[in-house]
Amino acid sequence: MSLASVSRMEAKLLLSTYERQPILFVRGRGVYLWDSRGKRYLDFLSGIGVNALGHNHPAITAAIKRQAGRLLHVSNLFFHEYQAELARKLTEISGLDRAFFCNSGTEAWEGALKIARAFAQTASAQTKSRNGSKAHSKTRILAMENSFHGRTFGALATTGQPKYRAPFVPLLPGVTFVKFNDLDDLRRKFDSSVCAVCIETIQGEGGVCPVNREFLDLASRLTKQSGALLVLDEIQCGLGRTGRHFAYQHYDVLPDVVTVAKPLACGLPLGAILATERVASCMHPGMHGTTFGGGPLACAVAIEFLREEKKLLKHIRTLGKYFHNALEALDKKHKAVHDVRGAGLMLAVELDSSELAKAVAKQLLQEGIIINRTHETVLRFLPPYVIQKKHVDQLIKALDAALHKNAKSDHSRRAASPARKEVHAHA
């Protein structure tokens, strides 16, 4: 089918939830994608972090072919041979004890919120039993401003960006937002009624913003002292993206609950909740479940992914440092660059206007390089773990030229339109 025919059909038949680029991709291999016209693209977005091993990785395609010929699905009323093995691998690399498998990041986050409330109720009941007195209610959830956890109701309720929440209010009650990386605000809003502090170790949709060490340390201390849970969202930054298995492993902190998803099954739907034994003990049969989560096909592929991910961690750290240094060189060269941040192969460049960011991303796409713009002014880079220096060099050269070309026109446009300049300054 042609791009035009697919576009017409989607316009007629699908809910209008995506602003798609006018490109029809038909195949991929390694770090490249090809469209229906035969044009090749260097993929520095990897399906928003999903295709972490690139496209058509031989170990992944072999696992899919092998398992597809054996067993695709069996309900969670029965055993299959891959869930336990995948859970073993995830708990070993995370330092946690138990896993629950679902279909996506937002489902993992919904389950984590349920666990936080259930654990608080269990702890409250035990306290009441021991003391013979009424225990304090422990239901409040502290979430972070500028965060993004998904698009279901609980995930939206804890997403600290009003633009995502506004069309769907009222949402889950009992959520208070804390200024990200603000120690005083966290101390002010934390009390004995809090059952969980929820943090993205690196905020992805919020512009690739890492949590400060001091802030995460404080959150860990407060939750341990009060019996609340530290819940970390590693859906985008976990599973090798930063050069460690988990981004929190760059800090001296072990969370109570962690959620992962994006690269876990390399494009097949699979997410997971990881928890300590103490926390997991509050969940019993019937309290949570899934029809499709943790099926044999997705789990078999995820096991292969983890084998490959382990081999690539040193490469991710080395190439991530090389990439980061190259972006910092652009920062020194271009006044329009406000900041360079991130870790490993989760990096971002913040520009001084949303229009400039949009123009740069568009030009790179026209030149056959895929990145995306998030948080209006931020260029986000989530390349496959298998990229090489030559791919980074190609991206940097194209980005340098795009910044040079578009910054001039953006400066002229804003000088001629002060009102729009003011809007951008507040974006």
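As shown above, the structure is provided for reference.
These figures come from a predicted structure and were not determined experimentally. As a convention, each chain's residues are numbered from 1 in the sequence order in which they are written. Reporting of local features is limited, given that this is a predicted model, to residues whose pLDDT is at least 70; pairs of side-chain atoms are given and counted only at 80 or more, and all residues count toward the totals for whole chains, interfaces and linings. As a convention, hydrogens and water are excluded, and side-chain values are obtained from all of the structure's heavy atoms.

1. Regarding the pattern of salt bridges
Part 1 of the argument: The salt bridge criterion pairs a side-chain nitrogen of Lys or Arg with a carboxyl oxygen of Asp or Glu, the two atoms within 4 Å. Following the criterion strictly, the structure yields 20 salt bridges and no others.
Part 2 of the argument: Put simply, E81 and R70 hold a salt bridge, and the shortest N to O gap is 2.9 Å. Linking E81 in the loop between α3 (58-68) and α4 (83-94) with R70 in the loop between α3 and α4, this pair joins segments that are 11 residues apart in sequence.
Part 3 of the argument: Accessible area is worked out with a 1.4 Å probe on protein chains only. A residue is then buried under 20% of its type maximum, exposed over 50%, and partly exposed in between. Residue classification places R70 among the exposed positions, given a relative accessible area of 53%. By definition, any uninterrupted DSSP run of H or I lasting at least four residues is a helix, any uninterrupted run of E lasting at least two residues is a strand, and each is numbered from the N terminus.

2. A word on the sheet that holds strand β17 (residues 378-381)
Part 1 of the argument: If DSSP finds at least two bridges between two strands, the strands pair. Across the sheet, four strands lie side by side as β13-β14-β17-β16; this open sheet has antiparallel pairing. Two strands bound the open sheet, and with one partner strand each, they are β13 (337-343) and β16 (372-374). This sheet shows a mean twist of 25° between the axes of neighbouring strands, independent of strand direction.
Part 2 of the argument: With four bridges joining them, strand β14 (residues 346-351) and β17 adopt antiparallel strand pairing. What sits directly across from A348, in β17, is R380.
Part 3 of the argument: Together, β13, β14 and β17 form the strand contacts of helix α11 (residues 296-333), whose direction differs from that of β13 by roughly 175°. Lines are fitted to the C-alpha atoms to define the axes, a helix being fitted only along its stretch in contact, and any angle between axes, read from their N-to-C directions, falls within 0 to 180 degrees. Residue contacts are defined here by distance: any two heavy atoms, one from each residue, within 4.5 Å place the two residues in contact.

3. Let's talk about the environment of R188
Part 1 of the argument: With respect to the element layout, R188 can be found in helix α8 (residues 183-189).
Part 2 of the argument: Classification of R188 as exposed rests on a relative accessible area of 56%.
Part 3 of the argument: Taking the C-alpha atoms as reference, R188 lies 19 Å from R213; in sequence the two are 25 residues apart.
Part 4 of the argument: We call two N or O atoms a polar contact when they sit within 3.5 Å, provided that within protein one can donate a hydrogen and the other can accept it, with sequence-adjacent residues counted only if both atoms are side-chain atoms. A polar atom in the side chain of R188 sits 3.0 Å from the side chain of D185.

4. Some words on the state of the cysteines
Part 1 of the argument: The disulfide definition used here is simple: a pair of cysteine sulfur atoms within 2.5 Å. According to the stated counting rule, one finds zero disulfides in the structure shown.
Part 2 of the argument: Among the cysteines around C266, which has no disulfide bond, C299 carries the closest sulfur, lying 13 Å off.
Part 3 of the argument: Free of any disulfide, C282 has its nearest cysteine sulfur in C195, 11 Å distant.
Part 4 of the argument: Residue classification places C282 among the buried positions, given a relative accessible area of 2%.

5. Looking at the packing of aromatic side chains
Part 1 of the argument: Any two of the Phe, Tyr and Trp rings considered here, Trp counted by its six-membered ring, make a pair once their centres fall within 6.5 Å; the pair's planes then place it as stacked at under 30 degrees, edge-to-face at over 60, or tilted in between. All told, the structure shown has seven aromatic pairs when counted by the stated rule.
Part 2 of the argument: Their ring planes at 50° and their centres at 6.3 Å tell us that Y32 and W34 sit as a pair that is tilted.
Part 3 of the argument: Judged by its relative accessible area of 17%, Y32 falls in the buried class.
Part 4 of the argument: Through successive ring pairs, a cluster of aromatic residues spans F44, F323 and F381.
Part 5 of the argument: Taking NZ or CZ as reference, R27 lies 4.2 Å from the ring centre of W34, over its face.
Part 6 of the argument: Remark: a charge is flagged as sitting over a ring if the NZ atom of Lys or the CZ atom of Arg is within 6 Å of the ring centre and within 35 degrees of the ring normal. Note that R40 overlies the ring of Y32, its terminal NZ or CZ placed 3.9 Å from the centroid.

What is shown is where atoms sit, not what they do.
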